[in-house]
Amino acid sequence: EAVVAEEQLAAALEESARLEEGRRAAEAQGPSSAAEAPAPREEEPPADFICPITTELMSDPVMAADGHSYERSAIERWLATKSTSPMTGEELQHTCLADHHMLRRMIREWGETHSAR
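Below: a short report on this structure. (Residues numbered from 1 in each chain as written. Predicted model: local features only at pLDDT ≥ 70, side-chain atom pairs only at ≥ 80, totals over all residues. Heavy atoms only, no water.)

Regarding the overall build of the chain
- For the chain, the helix and strand inventory stands at three helices and three strands.
- Secondary structure elements in the chain, listed N-terminal to C-terminal, are α-β-β-α-β-α.
- Of all 117 residues assigned to the chain, the portion counted as buried reaches 18%.
- Long-range pairs, those at least 24 residues apart, make up 46% of the contacts in the chain between residues at least 6 apart in sequence. (Helix = DSSP H or I, 4+ residues; strand = E, 2+ residues; numbered from the N terminus. Buried < 20%, exposed > 50% of the residue type's maximum accessible area, 1.4 Å probe, protein only. Contact = heavy atoms within 4.5 Å.)

Next comes the structure, spelled out in structure tokens:
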């Protein structure tokens, strides 16, 4: 069961990376015709605000024993079947998760300044 879950997560991560690559390629090509007005470009959040498991902006970031930050629900699902780091693959010294209050505040402040535009 753990192997199946790991394969599903790996497939989801590959699909996410493929979609992101496609989005970036489409962005690089620009508008498909000269008559189209370019859409106002949303500023991408800083990479540290993105969960490496979900590739989404975090709302409840926690720090794992590997020193990396993850969305709480995503890393809890990961740790339900594994004891390794999603980033390095190395065994974690422990599976305790620490609230990352400063990162949560920085993400919230970034969101407030970028949604007001």
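A word on the nonpolar core
- C51, I53, Y70 and I75 are the most contacted members of the largest nonpolar core, which has 15 residues in total.
- Of all elements in the fold, only helix 2 (72-79) and helix 3 (101-115) reach the threshold of two or more residues within this core.
- If one sorts the elements of this core by residue count, helix 2 sits on top with four residues.
- Other than its neighbours up to four places away in sequence, I75 contacts I53, V62, Y70, P86 and L97. (Core = buried A, V, L, I, M, F, W, Y, C linked by side-chain atoms within 4.5 Å.)

Here we look at helix 3
- An ideal rise of 1.5 Å per residue puts 21 Å on 15 residues; helix 3 measures up with 21 Å between its terminal C-alpha atoms.
- All of the buried residues along helix 3 are L103, I107 and W110. Down the axis of helix 3, the buried side of the element spans an arc of 65°, and every buried residue falls inside it. Opposite the buried face of helix 3, by more than 90 degrees, sit the exposed residues H101 and M102.
- Those residues of helix 3 that are buried lie in contact with strand 1 (61-63) and strand 2 (69-71). (Expected span 1.5 Å × (residues − 1). Arc of directions from axis to C-beta.)

What to know about the side chain of S69
- The residue S69 is located in strand 2 in this model.
- Excluding residues that lie within four positions of it along the chain, S69 makes contacts with P52, M58, V62, M63, H100 and L103.

Comments concerning helix 2
- All of the buried residues along helix 2 are A74, I75, W78 and L79. Viewed along the axis of helix 2, the buried residues span an arc of 130°, placing them on a single side of the element.

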